[in-house]
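A structural walkthrough
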Amino acid sequence: MWKGEREVARKKYTPKKLEKAFFEEFLPSVARTVVLTERKATGRKDYYGHDVYEDVPIKNDRGDVMTSMEFPGGLTKEMMYSALGISSSTWSNYQNDENYREVTDQINAVFTGYLNRRLETSDGKAAQGLIFILKSCYGQTDKIEVKATTVGMTLEEYLAQHD
């Protein structure tokens, strides 16, 4: 225990209870769902003769209103640990336990989605930091394209030829 840390009773979850705690309790407490909108002309003019526009909900091909999940205060594993009353080592144990694999994969998908969305609007050092996190913590890799037309050549030979 580090200096200043309080002794906190840690919770133990079953896979089903972990899923419920994350998706029904924690996630709604840090996220908000926003209806996606686009500006459309109304066909009316304002007092000065300018076109009047209004924001209307965007619908997908099935006609459903599209939404997006936002995290105004950010989203970190530390926030999750605190809210769920678990430690990082407990989370690691869950991830390594086959019984928890499905739910930890679903939870990690939320984190990788959040980080990838942040990456889309980041640049420079912030983007490098997000890429590092995605690679080191979530196993994402760089995309490598290999032509399958080179017959009779090993991958090493192909790569040496294209350096």
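Look up: the structure comes first, before these words.
Every chain's residues receive numbers from 1 upward, in the order its sequence appears when written. Only residues with pLDDT of 70 or above have their local features reported here, since the model is predicted, and side-chain atom pairs are shown and tallied only from 80 upward, although totals for entire chains, interfaces and linings are computed over all residues. As a convention, hydrogens and water are excluded, and side-chain values are obtained from all of the structure's heavy atoms.

**Brief notes about helix α1 (residues 15-30)**
Cut-off, in case you're wondering: Counting from the N terminus, the helices are the DSSP runs of H or I reaching at least four residues and the strands are the DSSP runs of E reaching at least two. One less than the residue count of a helix, multiplied by 1.5 Å, gives the span that helix is expected to have. A residue's bend is given by the angle between axes fitted to the 7 residues ending at it and the 7 residues starting at it.
The end-to-end C-alpha distance of α1, which contains 16 residues, comes to 21 Å, matching closely the 22 Å that a straight helix rising 1.5 Å per residue would cover. Along α1, the sharpest change in direction is near 30° and occurs at Phe22.

**Notes on the packing of α1 against helix α2 (residues 77-84)**
Note the cut-off: Every axis in this analysis is a line fitted to C-alpha atoms, fitted for helices over the stretch in contact. Angles between the N-to-C directions lie between 0 and 180 degrees. Convention used here: angles under 35 degrees read as roughly parallel, angles over 145 as roughly antiparallel, angles from 65 to 115 as roughly perpendicular, and any remaining angle as oblique. Whether a crossing is left-handed or right-handed is set by the direction in which the near helix is turned from the far one by less than a right angle, anticlockwise for left-handed and clockwise for right-handed. Should any heavy atoms of two residues lie within 4.5 Å, those residues are considered in contact. Three residue categories are used. Nonpolar comprises Ala, Val, Leu, Ile, Met, Phe, Trp, Tyr, Cys and Pro, charged comprises Asp, Glu, Lys and Arg, and polar comprises the others, including Gly.
Where α1 contacts α2, the two axes come as close as 10 Å, and the packing angle between them is 115°. In terms of orientation, α1 lies roughly perpendicular with respect to α2. In this structure, α1 meets α2 at a crossing whose hand is right-handed. Here Leu18, Ala21, Phe22, Phe26 and Val30 of α1 come into contact with α2, specifically with Met79, Met80, Ala83 and Leu84. In terms of residue class, the contact of α1 with α2 is built from nine nonpolar, no polar and no charged.

**Points about the environment of Arg117**
Within the secondary structure, Arg117 is located in helix α4 (residues 101-120). Residues Arg117 and Glu70, spaced 47 residues apart in sequence, show a C-alpha to C-alpha distance of 9.8 Å. Residues contacting Arg117, with those up to four places away along its chain left out, are Met69 and Phe71.

Remember, this is a structural readout, not a statement about activity or role.
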